[in-house]
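Now for the letters of each chain:
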There are 2 protein chains.
Amino acid sequence: MLIVTMIKEMNHFFEPKTIAVVGASSKKTSVGGTIFENLLKQKNKHRAKIIPINNKRKKIQGIKAYKSLLDVKEKIELAIIIVPAKYVSSIIEECEIKKIKTAIIISAGFKETGNLELEKKLNDAIQKTETKILGPNCFGIYNGHNQLNTTFSGKEQMELPKNGNIAFISQSGALGLTILDSLANKTTGISKFISYGNANDIDETDLIQYLQKDKKTKVITMYLEGIKDGQKFLKNAKETTKQKPIILLKGGTTKESKQATTSHTGTLAGNQKVYESAMKQAGIIQAKNLEELYQIAKIFSIEKENKGKNVTIITNGGGFGILTTDEIINNELKLTNYNKKTKIELRKKLPKKIAINNPLDLIGDATPEEYEIALEEIIKDKNTNIIIVIVLFSLPGINKKIIQTLIKIKQKIEKTNKTMIVVSTGSNYTKKMITQLEEKNICTYEYPNQAIKAASEFAKYYTDTK
Amino acid sequence: MLIVTMIKEMNHFFEPKTIAVVGASSKKTSVGGTIFENLLKQKNKHRAKIIPINNKRKKIQGIKAYKSLLDVKEKIELAIIIVPAKYVSSIIEECEIKKIKTAIIISAGFKETGNLELEKKLNDAIQKTETKILGPNCFGIYNGHNQLNTTFSGKEQMELPKNGNIAFISQSGALGLTILDSLANKTTGISKFISYGNANDIDETDLIQYLQKDKKTKVITMYLEGIKDGQKFLKNAKETTKQKPIILLKGGTTKESKQATTSHTGTLAGNQKVYESAMKQAGIIQAKNLEELYQIAKIFSIEKENKGKNVTIITNGGGFGILTTDEIINNELKLTNYNKKTKIELRKKLPKKIAINNPLDLIGDATPEEYEIALEEIIKDKNTNIIIVIVLFSLPGINKKIIQTLIKIKQKIEKTNKTMIVVSTGSNYTKKMITQLEEKNICTYEYPNQAIKAASEFAKYYTDTK
């Protein structure tokens, strides 16, 4: 299929005009009930017409229900299938008859549970249809831009993230949902979330192809356990990473966890070393864990493209400067050697007790004014690519003025080819201050190791990969 | 000096009956003003008499001041010195005349700024006195048990941690203060915090010797940049780690950061590889960053001694089970092979759709009741040493009942030789639930990598070191 056509068709997953929910239920605690309720709740935002399909009831949650997809007169763009596994293949046949563009099979009970008979029937039905299918054994999608949500989230137990530019593809539904929830109180948001499960039709390669062209997505993050067609995936990933970063967390990297991936999403996880090196060659950034996945995605989400690996540290805590330096060296970045002019100006303008080094340690009693003097010079320094500003609020010289200083510098930096990251460790007061910076789109981290890991992947991607 | 005598004398730092503040000030934003104010604020808790020494004023913050230590009639147990560096050595001479047991020199401006003349004068004075001295260039101490606080914290910008059993020794004052603040909203608390700066008298070895015998300290955590006497330190550390764990974060591990350590605390950081291997031999746990330092300390603070490296995972998210398995294998732990009886009971009692494996994946719709069945069997399993319970609240089967289940299991586990850790990732609702578990002294982590790193160091310490 032509990629333009593919993208047009895939769009029906995210912006359908009509959605049929096969297996919609009035019981709000059931999967069919939760999904249907979620769709109704955000109706004014995604503006899709929602049609329940239920062969036993005339109305579902107050809405007229149909016995079968075939009874619906209107055109349907997306079918969400929640019926038991044994009925799924016949529903897919109905999708083909109704010429439905896209379908999400939430139902589980195929190869991942060892039911190879149902697996074969499903694959046969998929073979014969032009409907594009996500799943089975998946949670479907969440579109940050119109709040369309086919997952079973939305209860008081979980929240959904803001609209943003990070796409998240997850082979595991539960893991995906949990990450959506944990992103809910972050300032960086989600463009599209896709849980694709067993991938009997649409797979990880189709999804990165789609997201590569998606204008709302700036960063692609993924949780994978296995890859259906390695060659195809790597070829496409290599093309995609020339456009935008892919950050991957791979589960099932040890012998011991591979058995579990088979019963989880029915995939075979391959040899880890081979994987890692192939992924690297394709320009994919590999996260070691969920924490890293988010932290690396954050810098790409907020900061604009910037080449170069020279880092300048400004700090009011000597120990933090030292720990940050260690991280810089261990993460293949470099400490900036200031331009001659920068050195002269810093020496002229900063108090004598401050040594003009990198890290630039403004000492424990540093004031917002001293930070400003330092930053004004560093943003003019030709050799600096990335500025790490460490602000420890527990020290006596610092006060709220530093927030305005940093916001002012951020505005100036937007016009330069530099990147600024703020690191600040602390409890309630610090968190309040950090929120103010994040609201102004300043990229912040709690600990030096988080900031430098992210900065390192950021610098390597724009300097070496893209 | 005999160790018993040393400990008795060191106690005067933490439980002095009389404190003289040399350089106390009425200006509350100054260092001398903040420290004096902090001491007065917690007076009803630490019950020390506070005497201001100031050669210009008759009263400081409403309290009668003396011109010099020598003018005070009473016995003084702790002197806190905040005067400019050039006056410090003469104050130390006065401490000797007054037979003051302990002194903290907050003042900076010695070898760390290259002032070798003042450095020599200070060392000469230290040589001639029996007063035990902490610093110079340090922030002093915080005693979690009586709230005695000689640092310049206590403003709205920072908070102090709860009373607890983690001791924290920091060569860097600012870093120490920041960590104190960031511990403030954790359930695990601090026994004693000690910022010891340039260590001209009391050094890291004296401090671990002291904390080894301190009954209120269960875990010793440290941030070091350099070590004064490597042989002595390692010998003492080796003795200490037979009693309680030492977790160390070392700053200045790269060539690039070593220059900074010299101007920061005046220490020379040695060769990193040699360090690491010597530390390992002494049984010291090495944290890679501040995050890890806390996360490892947490499990030791909460959990009782337990040998064995077999881990059982119970989860309602397959992907989380897989990621946790990868971490277990990569961190030198093992997946438990269940005892035969456990397998039979689990199979008999759990629904058929749940495969009896490790990870024990209770599947996305797992209920608190299913968790209880599984946990009741696992706590009887002879082969299991550590139980990782993953609870994802974004999934539909889970509800608040799981909290009661986990609290009940925790009570039972107290009587076994097993350790239970809960892992739960999510936003506001999850954080609320986790707080309820932490209040019942259940050890929790947000991500699998954090939990397994901590569990691994815990298991290795009790199985191989102690």
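Each value, and the rule that gives it
Residues numbered from 1 in each chain as written. Chains lettered and ligands numbered in written order. Predicted model: local features only at pLDDT ≥ 70, side-chain atom pairs only at ≥ 80, totals over all residues. Heavy atoms only, no water. Helix = DSSP H or I, 4+ residues; strand = E, 2+ residues; numbered from the N terminus. Rg over C-alpha atoms; globule rule 2.2 N^0.38 Å. Buried < 20%, exposed > 50% of the residue type's maximum accessible area, 1.4 Å probe, protein only. Contact = heavy atoms within 4.5 Å. Buried area = accessible area lost by both parts, 1.4 Å probe. Salt bridge = Lys/Arg side-chain N within 4 Å of Asp/Glu carboxyl O. Axes fitted to C-alpha atoms, helices over the stretch in contact; angles between N-to-C directions. Parallel < 35°, antiparallel > 145°, perpendicular 65-115°, else oblique. Nonpolar A, V, L, I, M, F, W, Y, C, P; charged D, E, K, R; others polar. Least-squares fit on C-alpha atoms with pLDDT ≥ 70 in both. Pairing = 2+ DSSP bridges. Patch = residues over 30% accessible without salt bridge, like charges linked within 9 Å, V, L, I, M, F, W, Y side chains within 5 Å. Areas by Shrake-Rupley, 256 points an atom, 1.4 Å probe, with all protein chains shown as cover. Lys, Arg positive; Asp, Glu negative; His and termini not counted. Charge placed at Lys NZ, Arg CZ, Asp CG, Glu CD. pLDDT = per-residue confidence, 0-100. Polar contact = N/O pair within 3.5 Å; in protein donor to acceptor, adjacent residues only side chain to side chain. Expected span 1.5 Å × (residues − 1). Right-handed = clockwise from strand over helix to strand, strands pointing away.

It is worth spelling out the overall build of chain A at this point. Check the secondary structure of chain A and you find 17 helices and 19 strands. A compact globule built from 466 residues should have a C-alpha radius of gyration of about 23 Å, and chain A, at 25 Å, falls within 12% of that. Seen along its three principal axes, the alpha-carbon backbone of chain A occupies a region of about 80 × 45 × 40 Å. Out of the 466 residues belonging to chain A, those deemed buried represent 65%.

Here we take up the interface of chain A and chain B. Often the size quoted for an interface is simply the accessible area lost on bringing the parts together. Contact residues are listed per partner, giving 66 residues for chain A and 66 residues for chain B. Counting each side, the surface lost to burial between chain A and chain B is near 5300 Å², with a carbon and sulfur contribution of 57%. Ranking the residues of chain A by area buried against chain B places Gln 157, Ile 322 and Ser 394 of chain A at the top, with a combined share of 12%. Here chain A is connected to chain B by zero salt bridges.

It is worth spelling out the packing of helix α4 (residues 85-97) of chain A against helix α5 (residues 116-128) of chain A at this point. Residue and element names in this part refer to chain A. Orientation of α4 relative to α5, taken along the N-to-C sense of each, is 5 degrees, at an axis distance of 9 Å. Taken together, the axis directions place α4 and α5 in an arrangement best described as roughly parallel. Here α4 contributes Ala 85, Lys 86, Val 88, Ser 89, Ile 92 and Glu 96 to the contact with α5, which in turn contributes Leu 118, Lys 121, Leu 122, Ala 125, Ile 126 and Lys 128. For the contact of α4 with α5, the per-class residue count stands at seven nonpolar, one polar and four charged.

This next bit is on the relation of the copies chain A and chain B. Applying a rotation about an axis and a shift along it to one chain copy brings it onto the other copy. Superposing chain A onto chain B takes a rotation of 180 degrees plus a shift of 0.0 Å along the axis, which leaves an RMSD of 0.0 Å. What the superposition gives is, in effect, a two-fold axis relating one chain to the other. Closest to the rotation axis within chain A is the C-alpha of Glu 291 of chain A, separated from it by 5.8 Å.

Glancing now at the sheet that holds strand β7 (residues 132-134) of chain A. All names here are of chain A. Ordered in space as β2-β1-β5-β6-β7, the five strands form an open sheet in which the pairing is parallel. Either end of the sheet is taken by a strand with one partner, and the two such strands are β2 (49-53) and β7. Within this sheet the neighbouring strands show an average axis-to-axis angle of 20 degrees, counted without direction. Relative to strand β5 (residues 78-81), strand β1 (residues 18-22) is paired through four bridges, and the arrangement is parallel.

Take a positive patch on the surface next. A surface patch of positive charge is lined by Lys 58, Lys 64, Lys 67 and Lys 73 of chain A. By secondary structure assignment, the location of Lys 73 of chain A is in the loop between β4 (63-64) and β5.

Here chain A averages 94 in pLDDT, and 98% of its residues register 70 or above. Two numbers describe this predicted complex: its pTM, 0.95, and its ipTM, 0.94.

Further remarks concern unusual backbone geometry. All names here are of chain A. For the bond running from Asn 358 to Pro 359, omega is 5 degrees, close enough to zero to count as cis. Tracing the backbone shows Pro 359 in the loop between α13 (340-349) and β16 (360-361). Of note, the phi angle at Ala 199 is positive, near 60 degrees, even though the residue is not glycine. Among the residues examined, Ala 199 registers a relative accessible area of 3% and is labelled buried. Not every positive phi belongs to a glycine, and Asn 441 is a case in point at roughly 65 degrees. Considering the arrangement of structural elements, one finds Asn 441 in the loop between α16 (428-439) and β19 (443-445).

Positionally, Asn 316 of chain B belongs in the loop between β14 (310-315) and α12 (318-330). A relative accessible area of 0% places Asn 316 of chain B in the buried class. A polar contact of 2.9 Å, which involves the side chain of Asn 316 of chain B, links it to the backbone nitrogen of Leu 392 of chain B. If we ignore the near neighbours within four places in the chain, the residues touching Asn 316 of chain B are Ala 174 of chain A together with Asp 361, Ile 363, Gly 364, Ala 366, Tyr 371, Ile 390, Val 391, Leu 392, Leu 395 and Ile 398 of chain B.

To continue, consider helix α1 (residues 3-14) of chain B. Residue and element names in this part refer to chain B. Taking 1.5 Å per residue, 12 residues should reach 16 Å; α1 reaches 17 Å between its end C-alpha atoms and fits that length. Every buried residue of α1 is accounted for by Met 6, Ile 7, Glu 9, Met 10, His 12, Phe 13 and Phe 14. Summarising the contacts, the buried residues of α1 are in contact with β5 (78-81), β6 (102-105), β7 (132-134), β8 (140-143), β10 (190-195) and α7 (204-213).

Moving on, we get to the pattern of salt bridges. All names here are of chain B. Within the structure shown, the criterion is met by 53 salt bridges over all chains. A salt bridge links Lys 353 to Asp 365, with the nearest nitrogen and oxygen atoms 2.9 Å apart. Placement of Lys 353 in the loop between α13 (340-349) and β16 (360-361) and of Asp 365 in the loop between β16 and α14 (368-378) is noted, with a sequence separation of 12 residues between them. On the accessibility criterion, Lys 353 (47% relative accessible area) is partly exposed. One salt bridge in this structure joins Lys 401 and Glu 369, with 3.3 Å as the shortest N-O distance. Separated by 32 residues along the polypeptide, Lys 401 in helix α15 (residues 401-413) and Glu 369 in helix α14 bring together distant segments of the chain. By relative accessible area, which is 49% here, Lys 401 ends up partly exposed.

Assignment of secondary structure puts Asn 137 of chain A in the loop between β7 and β8 (140-143). In this structure the C-alpha to C-alpha distance between Asn 137 of chain A and Ser 172 of chain A, which are 35 residues apart in sequence, comes to 8.7 Å.

Attention now moves to the pairing of strand β6 (residues 102-105) of chain A. Residue and element names in this part refer to chain A. Where burial is concerned, the two faces of β6 agree: the one with Thr 102 and Ile 104 and the one with Ala 103 and Ile 105 are both buried. Note on the crossover from β5 through α4 to β6: the handedness is right-handed. Pairing between β6 and β7: three bridges, direction parallel. Of the residues in β7, the one forming a bridge with Thr 102 is Lys 132. Since β6 and β7 lie parallel, the crossover through α5 that links them has a hand, and here it is right-handed.

Next up on the list: the sheet that holds β8 of chain B. All names here are of chain B. If you trace the six strands from one edge of the open sheet to the other, you get β8-β10-β9-β11-β12-β13, paired in mixed fashion. Strands with a single pairing partner mark the edges of an open sheet, and in this sheet they are β8 and β13 (285-287). Neighbour to neighbour, the strand axes of the sheet diverge by 20 degrees on average, direction disregarded. By the bridge criterion, five bridges tie strand β9 (residues 163-170) to β10 in an arrangement that is parallel. If you follow Ile 169 over to β10, its bridge partner there is Ile 194. Helix-sheet contacts for helix α6 (residues 173-183) involve β8, β9, β10 and β11 (219-224), and the interaxial angle to β10 is about 160 degrees.

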